[in-house]
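Report on the structure
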Amino acid sequence: MARILVVDDEIGIRELLSEILYDEGHTVELAENAAQARDSRLRQRPDLVLLDIWMPDIDGVSLLKEWSSQGLLNMPVIMMSGHATVDTAVEATRIGAVDFLEKPITLQKLLKTVAAGLARPVIPASMRSRTERPVMPDPVFTQPPTLNSTAATPAPAPAPAADDSHLGAISLNQPLREARDEFERIYFEYHLLHENHSMTRVSERTGLERTHLYRKLKQLGIDTSRKKSSGS
């Protein structure tokens, strides 16, 4: 699945998009303004960005121009707005945005647009950052052994046998969504136990906002209350 950065100053929009994309298996990072979006982009390039046009500090089109001028626009960016004009959408596309979502955003439109954005490379080579290109070593050509060569060719190491039935305590012989729910249940119960059921620390540890965390735990049927000791 993909790592998606959602940039929007409205907390309701951020949480809604985060929940939908998270349920689809994506890793979601949230930013409420251009400054947070810059920091997130510099830490790690996302696979896709959902970028709101109207924000209080710097608008989305200006941030798009900034990334383009700095060679950082090497990921698909989908613009979002409920008030943008056709000219604004055209300008964003000219700069490098791959698509435009008009608010209110429907579930089907969101998933379809995100899937299309992830499926196509959109940035030309001239706009890519040289610092992010992998440095390939110079090829080394060796003389192939002749029939009279005494050099022994090492036999390839046998591949380890794969256990295709279980991964730890999680059965792999079940639908993906059920396996994912089972993993998430183990994951969150582990952090709740180690953080003594402190929702603040669990939120920090898992990277989920508290509202999203409570919703996810309720969905998985996990008790969030502190367990009483047997001696009490």
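Our subject in this report is the structure included herewith. (Residues numbered from 1 in each chain as written. Predicted model: local features only at pLDDT ≥ 70, side-chain atom pairs only at ≥ 80, totals over all residues. Heavy atoms only, no water.)

**Some thoughts on the side chain of Asp52**
Relative to the helices and strands, Asp52 is located in strand β3 (residues 48-52). A polar contact of 3.2 Å, which involves the side chain of Asp52, links it to the side chain of Lys103. Leaving out residues up to four positions away in the same chain, Asp52 has contacts with Val7, Asp8, Asp9, Gly60, Met80, Ser81 and Lys103. (Helix = DSSP H or I, 4+ residues; strand = E, 2+ residues; numbered from the N terminus. Polar contact = N/O pair within 3.5 Å; in protein donor to acceptor, adjacent residues only side chain to side chain. Contact = heavy atoms within 4.5 Å.)

**Here's the deal with the sheet that holds strand β5 (residues 99-102)**
Spatial strand order, β2-β1-β3-β4-β5: 5 strands in an open sheet with parallel pairing. Lying at the two open borders of the sheet, with one neighbouring strand each, are β2 (27-31) and β5. Strand-to-strand twist in this sheet, taken as the mean axis angle between neighbours without regard to direction, amounts to 20 degrees. Here β3 runs beside strand β4 (residues 77-81); their pairing, made up of 4 bridges, is parallel. Its bridge partner being in β4, Asp52 is matched across the sheet by Met80. Along the sheet, helix α1 (residues 11-23) contacts β1 (3-7), β2, β3 and β4; its crossing angle with β2, the most-contacted strand, is approximately 170 degrees. The sheet strands contacting helix α2 (residues 34-43) are β1 and β2, and the helix crosses β2 at an angle near 140 degrees. (Pairing = 2+ DSSP bridges. Axes fitted to C-alpha atoms, helices over the stretch in contact; angles between N-to-C directions.)

**Here's the deal with the environment of Met80**
Along the polypeptide, Met80 turns up in strand β4. Residue Met80 is classed as buried on the basis of its relative accessible area of 0%. The residues contacting Met80, other than those within four sequence positions of it, are Val7, Asp8, Leu17, Leu50, Leu51, Asp52, Ile53, Leu101, Lys103 and Ile105. (Buried < 20%, exposed > 50% of the residue type's maximum accessible area, 1.4 Å probe, protein only.)

**Observations concerning the packing of α1 against helix α5 (residues 107-119)**
Each pair of packed helices gets described by two things: the angle between the helix axes and the distance between those axes. The interhelical angle for the contact between α1 and α5, taken along N-to-C directions, is 60 degrees, at an axis separation of 11 Å. For α1 against α5, the interelement crossing comes out right-handed. For the pair α1 and α5, contact is made by Leu17, Ile20 and Leu21 and by Leu107, Leu110, Leu111 and Val114, respectively. Taken together, the residues that form the contact of α1 with α5 break down as 7 nonpolar, no polar and no charged. (Left-handed = near helix turned anticlockwise from the far one by under 90°. Nonpolar A, V, L, I, M, F, W, Y, C, P; charged D, E, K, R; others polar.)

**A closer look at unusual backbone geometry**
Residue Pro104 follows Lys103 across a cis peptide bond; omega there is -5 degrees. Relative to the elements of secondary structure, Pro104 occurs in the loop between β5 and α5. Its identity is not glycine, yet Asn196 carries a phi of approximately 55 degrees, on the positive side. You can see Asn196 is positioned in the loop between α6 (176-194) and α7 (199-206). Even without being glycine, His197 reaches a positive phi, approximately 60 degrees. The topology assignment puts His197 in the loop between α6 and α7.

**Remarks on helix α8 (residues 210-220)**
Among all positions of α8, only His212, Leu213, Lys216, Leu217 and Leu220 are buried. Angularly, the buried residues of α8 cover 130 degrees about the axis, an arc narrow enough to put them on a single face. The inward-facing, buried residues of α8 contact α1, α6 and α7. (Arc of directions from axis to C-beta.)

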